Amino acid sequence: MLNNPSSSPFLNPLVVALDVDTREEALSLAKSLSGQVGGFKLGPRLCLRYGQSFVEEIARQGPVFMDNKHFDISSTMEAAVRASFDCGASVVTVHALSGLDALKKMAALELELSRIRPFRILAVTVLTSWDQNSLPPVLRPDGVAIHVVALADLVKSAGLTGIVCSPHELESLQGRGLYLLTPGIRFPDDEKGDQKRVAGPQEALQAGARALVVGRPIVQAKDPGAAAEKFLRAIQV
Ligand code: C5P
């Protein structure tokens with residue numbers, strides 16, 4: 001059975017990446033944006049340093065997306081996803097390259113855990129930092145775009161419906177019954193930082209995204225609340 005592709009554990013489509021170094025900064029941002037944004041993304045940077053009690057504190061401010069991109073033997077991935085769920089995560093990531101059997105286990109686990117509270121396992125297809133030249137040699141004969149679609153189809157055939165993709169890939173994944181979450185969201189006058197393929201918030205939603213991850217344009221703004229409001233207004237939330 002497939003998880004409903006349109007159901008989202010986030011309160012609205014704007015997910016803020018708490019890409020800061022300390023517990024205090026992350027908590028202060030989460031508290032100031034709580035009730036306004038759809039959720040908070042945490043990565044290994046904070047999860048490893050501060051652990052379960054920290055994730056639980058952030059989860060009290062809004063749904064937590066724990067982006068630790070698990071890629072291992074399936075029993076280890078399952079244990080890691082259960083641990084993330086127990087810490088309070090509502091969304092976690094795994095690599096689609098972990099293969100059909102592991103993805104089927106993830107789909108069964110998503111179904112089991114989402115009966116307890118809204119919960120999604122998203123699959124990462126091809127890392128957006130990889131281009132044709134940096135693909136592992138065995139994958140090089142086909143282009144990145146071909147792998148993204150093939151891996152998305154593999155994820156779906158395993159019973160998962162959530163995918164992380166770049167704005168650039170939204171169009172090729174549209175209409176396949178997938179829940180698409182995309183980073184790389186910028187207004188034209190925002191600093192791109194190291195993001196190469198970006199899109200505006202409205203443009204990304206129109207191209208099929210269900211959730212947008214925004215980091216620096218909000219967390220490094222002088223007034224993060226006002227910066228978040230600008231994104232929410234653009235997507236009419
Ligand atoms: O600051 P910015 O808006 O670029 O942050 C985007 C967030 O999404 C960062 O936490 C980054 O690690 C993450 N991300 C990404 N591209 C991916 C996967 C995750 O930018 N393919």
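Quick note: structure is the one above.
Please read all numbers here as calculations on a predicted model, not as lab measurements.

Here the focus is the packing of aromatic side chains. The final tally for this structure, using the stated rule, is four aromatic pairs. Geometrically, the ring pair formed by F85 and F119 is edge-to-face, given 5.1 Å between the ring centres and 90° between the ring planes. Placement of F85 in helix α3 (residues 74–87) and of F119 in the loop between α4 (100–114) and β5 (120–124) is noted, with a sequence separation of 34 residues between them. By relative accessible area, F119 is classed as buried at 2%. The interplanar angle of 40° and the centroid separation of 4.6 Å between the aromatic rings of F187 and F231 together place this pair among those described as tilted.

So, about the site of the ligand. Surveying the vicinity of the ligand reveals 14 residues, the closest of which are D19, T128, Q195, G215 and R216. One of the side-chain nitrogen or oxygen atoms of D19 is found 2.7 Å away from an oxygen atom of the ligand. Note that an oxygen atom of the ligand is positioned 2.7 Å from one of the backbone N or O atoms of R216. About the coverage of the ligand: the protein hides 81% of its 460 Å² of free accessible area. Its residues placed into classes, the shell around the ligand shows five nonpolar, three polar and six charged.

Before going further, it helps to examine the side chain of D67. Along the chain, D67 falls in strand β3 (residues 64–70). Engagement of the side chain of D67 in a polar contact is seen with the side chain of K41, the distance being 3.0 Å. In terms of polar contacts, D67 uses its side chain to reach the side chain of K69, at 2.9 Å. When near neighbours in sequence (up to four residues on either side) are disregarded, D67 contacts K41, L42, G43, P44 and T93.

What follows covers the pattern of salt bridges. Overall, the coordinates contain eight salt bridges when judged by the stated rule. As a salt-bridge pair, R82 and E112 come within 2.9 Å of each other at their nearest N and O atoms. A residue pair is termed long-range when its members are at least 10 positions apart, and R82 in helix α3 and E112 in helix α4 qualify at 30 residues. Residue classification places R82 among the partly exposed residues on the basis of a relative accessible area of 28%. Classification of E112 by relative accessible area gives partly exposed; the value is 35%. One salt bridge connects D189 with K230, and the closest N-O pair in it is separated by 3.9 Å.

Next up on the list: the nonpolar core. By size, the foremost hydrophobic cluster in this structure holds 68 residues, and its most contacted members are L18, L42, I58, V81, I121, L173 and I218. The dominant element in this core, judged by the number of residues it contributes, is helix α5 (residues 144–158), at seven residues. With residues near it in sequence (within four places) discarded, L42 still touches L18, C47, F54, V55, I58, V64, F65, M66 and D67. Counting 12 residues, the second-largest nonpolar core is a separate cluster that includes A17, F65, V91 and L122.

A separate point is the pairing of β3. In summary, the side chains of a regular strand alternate between the two faces of the sheet. The element β3 is extensively covered by neighbouring structure, given that five of its seven residues are classed as buried. Looking at chain direction, strand β2 (residues 39–42) and β3 are connected through three bridges and run parallel. Bridging across to β3, L42 finds its partner in M66. This β-α-β element, β2 to helix α2 (residues 44–59) to β3, shows right-handed connectivity. In this structure, β3 lies alongside strand β4 (residues 89–95), joined through four bridges in parallel fashion.

About the cut-offs
- Residues numbered from 1 in each chain as written.
- Predicted model: local features only at pLDDT ≥ 70, side-chain atom pairs only at ≥ 80, totals over all residues.
- Heavy atoms only, no water.
- Phe/Tyr/Trp six-rings, centres within 6.5 Å; stacked < 30°, edge-to-face > 60°.
- Helix = DSSP H or I, 4+ residues; strand = E, 2+ residues; numbered from the N terminus.
- Buried < 20%, exposed > 50% of the residue type's maximum accessible area, 1.4 Å probe, protein only.
- Near = heavy atom within 4 Å.
- Polar contact = N/O pair within 3.5 Å; in protein donor to acceptor, adjacent residues only side chain to side chain.
- Areas by Shrake-Rupley, 256 points an atom, 1.4 Å probe, with all protein chains shown as cover.
- Nonpolar A, V, L, I, M, F, W, Y, C, P; charged D, E, K, R; others polar.
- Contact = heavy atoms within 4.5 Å.
- Salt bridge = Lys/Arg side-chain N within 4 Å of Asp/Glu carboxyl O.
- Core = buried A, V, L, I, M, F, W, Y, C linked by side-chain atoms within 4.5 Å.
- Pairing = 2+ DSSP bridges.
- Right-handed = clockwise from strand over helix to strand, strands pointing away.

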